[in-house]
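Below are the chains, spelled out letter by letter.
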Amino acid sequence: MTDHLSVTEDKKPPGLVRSSQNLGAGLFLMAIALFAFWQAQELPRGTLNAMGAGMLPQSLAAFLFIGGLALALSGLLVKGEAMERWSLRGPIFIFGGIILFSLLIRTCGLVIAGPVAMIFGSMASDEFNWKEATVFALILTGICILLFKVLLRLPIPVIGAMLEPFFPF
Amino acid sequence: MEAFLGNLSLGFGVALTLNNIFLCFIGCMVGTLIGVLPGVGPIATIAMLLPITFGFDPTGALIMLAGIYYGAQYGGSTTAILVNIPGEATSVVTVLDGHQMAKQGRAGVALGMAAIGSFFAGTVATLLIAALGQPLTKLAQLFGPAEYFSLMIMGLVFAVVLARGSILKAICMILMGLLLATVGTDLETGQERLTLGIQDLSDGVDFAVLAMGIFGFAEIVRNLENPETRDVVRAAIGRLWPGKDDFRQSYFPILRGTIVGAVLGILPGNGAVLGPFASYTIEKKIAKDARRFGRGAIEGVAGPEAANNAGAQTAFIPLLTLGIPPNAVMALMVGAMTIHGIIPGPQVMTKNPELFWGMIASMWLGNLMLLVINLPLIGLWVKLLQVPYRLMFPAIMIFCCIGIYSINNSTSDVLFTAFFGLVGYSLLKLGFEPAPMLLGFVLGKLMEEKLRQALILSRGSFATFVERPVSGVLLGVAVIMLLIALVPSVRKGRDVVFTE
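Cut-offs used in this document
- Starting afresh in each chain, residues are numbered from 1 along the sequence in its written order.
- Lettering of chains starts at A and numbering of ligands starts at 1, both following the order in which they are written.
- Only residues with pLDDT of at least 70 are given local features in this predicted model, and only at 80 or more are side-chain atom pairs given and counted; all residues enter the totals for whole chains, interfaces and linings.
- Heavy atoms throughout the structure, all of them, feed into the side-chain values; hydrogens and water do not.
- Secondary structure elements are defined from DSSP: runs of H or I of at least 4 residues count as helices, runs of E of at least 2 residues count as strands, and each element is numbered from the N terminus.
- For each residue, the accessible area found with a 1.4 Å probe, counting protein chains only, is set against the maximum for its type, and the residue is called buried under 20%, exposed over 50%, and partly exposed in between.
- Whether two residues are in contact is decided by their heavy atoms, any of which lying within 4.5 Å being enough.
- Note on areas: Shrake-Rupley with a 1.4 Å probe; residue coverage comes only from the protein chains shown.
- Stacked, edge-to-face and tilted are the three classes for Phe, Tyr and Trp ring pairs, Trp counted by its six-membered ring, which pair at centre distances within 6.5 Å; planes under 30 degrees apart are stacked, over 60 edge-to-face, the rest tilted.
- We count a charge as sitting over a ring when the NZ of a lysine or the CZ of an arginine lies within 6 Å of the ring centre and within 35 degrees of the ring normal.
- Within this scheme, the nonpolar core is defined by two criteria: the residues are buried Ala, Val, Leu, Ile, Met, Phe, Trp, Tyr or Cys, and they are joined through side-chain atoms within 4.5 Å.
- How far each domain reaches was decided by an automatic or database domain assignment.
- Orientation is described by axes fitted as lines to C-alpha atoms, over the contacting stretch for helices, and by angles from 0 to 180 degrees between their N-to-C directions.
- Throughout, the term roughly parallel applies to angles under 35 degrees, roughly antiparallel to angles over 145, roughly perpendicular to angles from 65 to 115, and oblique to all others.
- By convention the crossing between two helices is left-handed if the near helix lies anticlockwise of the far one by an angle smaller than a right angle, and right-handed if it lies clockwise.
- Polarity classes work like this: nonpolar for Ala, Val, Leu, Ile, Met, Phe, Trp, Tyr, Cys and Pro, charged for Asp, Glu, Lys and Arg, and polar for all others, with Gly in that last group.
- Accessible surface is computed with a 1.4 Å probe, and the buried area is the amount of it that two parts give up when combined, taken over both parts together.
- Salt bridge, as used here, is a side-chain nitrogen of Lys or Arg placed within 4 Å of a carboxyl oxygen of Asp or Glu.
- For this analysis, a polar contact is any N or O atom pair within 3.5 Å, provided that within protein one partner can donate a hydrogen and the other can accept it, and provided that sequence-adjacent residues contribute only side-chain to side-chain pairs.

**Observations regarding the overall build of chain A**
For step 1, the next point in the chain: The number of helices and strands found in chain A is six helices and two strands.
For step 2, the next point in the chain: Helices and strands in chain A line up, N terminus first, as α-α-β-β-α-α-α-α.
For step 3, the next point in the chain: Within chain A, the fraction of its 169 residues that count as buried is 44%.
For step 4, the next point in the chain: Once local pairs closer than 6 in sequence are excluded, the contacts in chain A between residues at least 24 apart make up 63%.
For step 5, the next point in the chain: Of the roughly 9300 Å² of accessible surface on chain A, a fraction of 70% belongs to carbon and sulfur atoms.

This is the structure we're talking about:
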């Protein structure tokens, strides 16, 4: 994928590729299909009147591979859209923020997980500024605790296991 | 007729208790509140708000959920009119004339007419569900596994035909959805499939997790990339109640929109998205002066909004009578119902009549609520829409995280959501439309089950799908639809419809 991307970053794709987006899309699907097929290959296929667990995953992966191949070929043969530019900032901070949330919610609770995830996530924006993001994250965490814990009584940990010793009540 | 009225009165008896009215009100309110946020469509809204229904009994929870659903739908229209951003595919059309009206200082009238049109459409569609529910359930009992399978194939073909962009890509998305649905323990043999040895995947991928990743988080990243062009209306909102002339111009568009939307909504495979487009096209075709469209013609708001709401409501019909969710939003409703111990399908109506009719009555109640509570709150929505995205997206993010965590109290669900968000972002970048994938995923398990059953009954012969008359007709319709969509001239027309 990566070397392919570098090719299409140029404004003019080399003559062979008519639509770098479709080529990339096809390769992406083929990779997924191969991975799924590899994972499912051990499963018994069975027969048509007594299908095994592997029949459907394997055949779907095969179909998906064919679809991906067709798409990749169309990327070579038919003129179409070029690959869009991929940004790193958005995915890193947004998905990073979510991962932080999942790591912190049990251990430290919402009081920590909320602000940390939100401040980290806020950095995905070009207009990020520390003060605003921090104040906003703290206020919103308060609202979330009030809404989800106090009003709706969801079993979401507000103070996690690691912090409990500091809050004896 | 008597049964029809009896059922409706049973339903209203359930829905009109003080408790349930309150739940419906809260549902509509928060549904709109979240649904109004730009970039948050009904799917993300419902997934986010699902946990708040957990504390109530099944009937109350479903009534609240119905409220959330309509609130989310109407919230999308509000955003479409007030800001130049369609919340979802179905309000794309509303943007065209609705936002123009808003710029001319007639936002209030546009919103008012949208609400009135939606209410009328909702009323008709509620009656339609009540009338069609029973006969269709009877029909469903005649369906064997082969018929079910073929019906779902037809639904998927519709989804392909109705998807935007390349047909090949849409087919690939369906296949990927079906493949994702096979993850987890095989129902018949108990073997783990494609779980990569991860314990949490043995129950399969949770639909809310997939939907939230792809429609919630991927969308945030996508929005951050495109510098904001939010065009919140600065003109006065104006009065809400449309004038005599507005009504005169809107009667027939609402009526036509309702019929078109209701009929398309029943089709499996997300026919509802087509309703507003169809309605807009019709109004434009028969208008005396088609140039008014796109410049703030009220018919261009009233008709499509009615169609939108009628479709949103009749989309419940395949779900409640056949147990087949026709689109991703309905699939989420299936998930919600399952959490409350109800498996949607023909048996709900017979085993749980209070719940079934109560929910149908509450749909109508939800529509009424929207009319009553939302119009006075427009000022609040406008304020909310002025919040800059840099503050809005961390809030959306944290609500999504809390929502997903609370569904199963599981941290790994939150991680999976991040993963699917990344997948969704990649798909968007590669020019795929993810909606058909979700439909494939939703129908996957049921399709596999029916396929296996049908093949056992036919001793492994695929001919059964063609030989059984009903199944054969359904497959025939699917093939014809696909072929028509591939005809070059139709393809062009399809592109025009979607880009207009």
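Following the structure, the description resumes.
**A short note on the packing of aromatic side chains**
All names here are of chain B.
For step 1, the next point in the chain: Within this structure, the stated rule accounts for 19 aromatic pairs over all chains.
For step 2, the next point in the chain: Summarising the aromatic geometry, the rings of Phe-207 and Phe-441 are spaced 6.1 Å apart at their centres and angled 20 degrees between planes, so their arrangement reads as stacked. You can see Phe-207 sitting in helix α9 (residues 207-225) and its partner Phe-441 sitting in helix α20 (residues 435-457), a full 234 residues away along the chain. Accessibility classification places Phe-207 together with Phe-441 in one group, the buried group.
For step 3, the next point in the chain: The rings of Phe-12, Phe-119 and Trp-364 are connected pair by pair, giving a single aromatic cluster.
For step 4, the next point in the chain: The lysine or arginine in question, Lys-169, covers the ring of Phe-432, its NZ or CZ lying 5.4 Å from the ring centre.
For step 5, the next point in the chain: The ring of Tyr-148 is capped by Lys-450, whose NZ or CZ atom sits 4.8 Å from the centre of that ring.

**As for the nonpolar core**
For step 1, the next point in the chain: Ranked by internal contacts, the top residues of the largest apolar core, which has 205 residues, are Ile94(A), Phe101(A) and Phe316(B).
For step 2, the next point in the chain: Both of domain 1 (2-77) and domain 2 (89-166) of chain A provide at least three residues apiece to this core.
For step 3, the next point in the chain: One finds Phe277(B), Ala287(B), Phe293(B) and Ala297(B) within the second-largest nonpolar core, a separate group that totals seven residues.

**Topic: the domain arrangement of chain A**
For step 1, the next point in the chain: Each domain of chain A was delimited in the assignment, giving domain 1 (2-77) and domain 2 (89-166).
For step 2, the next point in the chain: Averaged C-alpha coordinates put domain 1 of chain A and domain 2 of chain A at centres separated by 38 Å.

**Comments concerning the packing of helix α5 (residues 110-122) of chain A against helix α18 (residues 389-408) of chain B**
For step 1, the next point in the chain: Contact pair α5(A) / α18(B): the axes reach a minimum separation of 9 Å and the direction vectors enclose 140 degrees. Between α5(A) and α18(B), the angle is such that the two are oblique. Where α5(A) crosses over α18(B), the handedness of that crossing is right-handed. Only Phe393(B), Pro394(B), Met397(B), Ile398(B) and Ile402(B) of α18(B) make contact with α5(A), whose side of the interface consists of Leu110(A), Gly114(A), Ala117(A), Met118(A), Gly121(A) and Ser122(A).
For step 2, the next point in the chain: In the contact of α5(A) with α18(B), the residues fall into eight nonpolar, three polar and no charged.

**Description of unusual backbone geometry**
Residues and elements named next belong to chain B.
For step 1, the next point in the chain: Despite not being glycine, Leu-194 has its phi angle at roughly 50 degrees, a positive value.
For step 2, the next point in the chain: Here Leu-194 is to be found in the loop between β2 (192-193) and α9.
For step 3, the next point in the chain: Residue Leu-194 is classed as buried on the basis of its relative accessible area, which comes to 11%.
For step 4, the next point in the chain: Even without a glycine there, the phi angle at Arg-459 is positive, about 55 degrees.

**Brief notes about the interface of chain A and chain B**
For step 1, the next point in the chain: Each partner contributes residues to the interface: chain A has 63 residues there, and chain B has 60 residues.
For step 2, the next point in the chain: Across the chain A/chain B interface, buried area totals approximately 5600 Å², and carbon plus sulfur atoms make up 79% of it.
For step 3, the next point in the chain: For the pair chain A and chain B, the number of links is four salt bridges.
For step 4, the next point in the chain: Measuring nitrogen to oxygen at the nearest pair gives 2.6 Å for the salt bridge that ties Glu132(A) to Arg390(B).
For step 5, the next point in the chain: Seen at the junction of chain A and chain B, the total is 13 residue pairs in polar contact (both at pLDDT 80 or more).
For step 6, the next point in the chain: For the side of chain A that touches chain B, the secondary structure elements donating two or more residues are α2 (20-40), α3 (55-77), α4 (89-107), α5 and α6 (130-151) of chain A.
For step 7, the next point in the chain: Of the residues that constitute the side of chain A that touches chain B, the class distribution is 42 nonpolar, 16 polar and five charged.

**A closer look at the side chain of Thr59(B)**
All names here are of chain B.
For step 1, the next point in the chain: Topologically, Thr-59 is positioned in helix α4 (residues 58-82).
For step 2, the next point in the chain: The buried category is assigned to Thr-59, whose relative accessible area is 18%.
For step 3, the next point in the chain: Sequence-distant contacts of Thr-59, defined by excluding residues within four places in its chain, comprise Val-14 and Leu-355.

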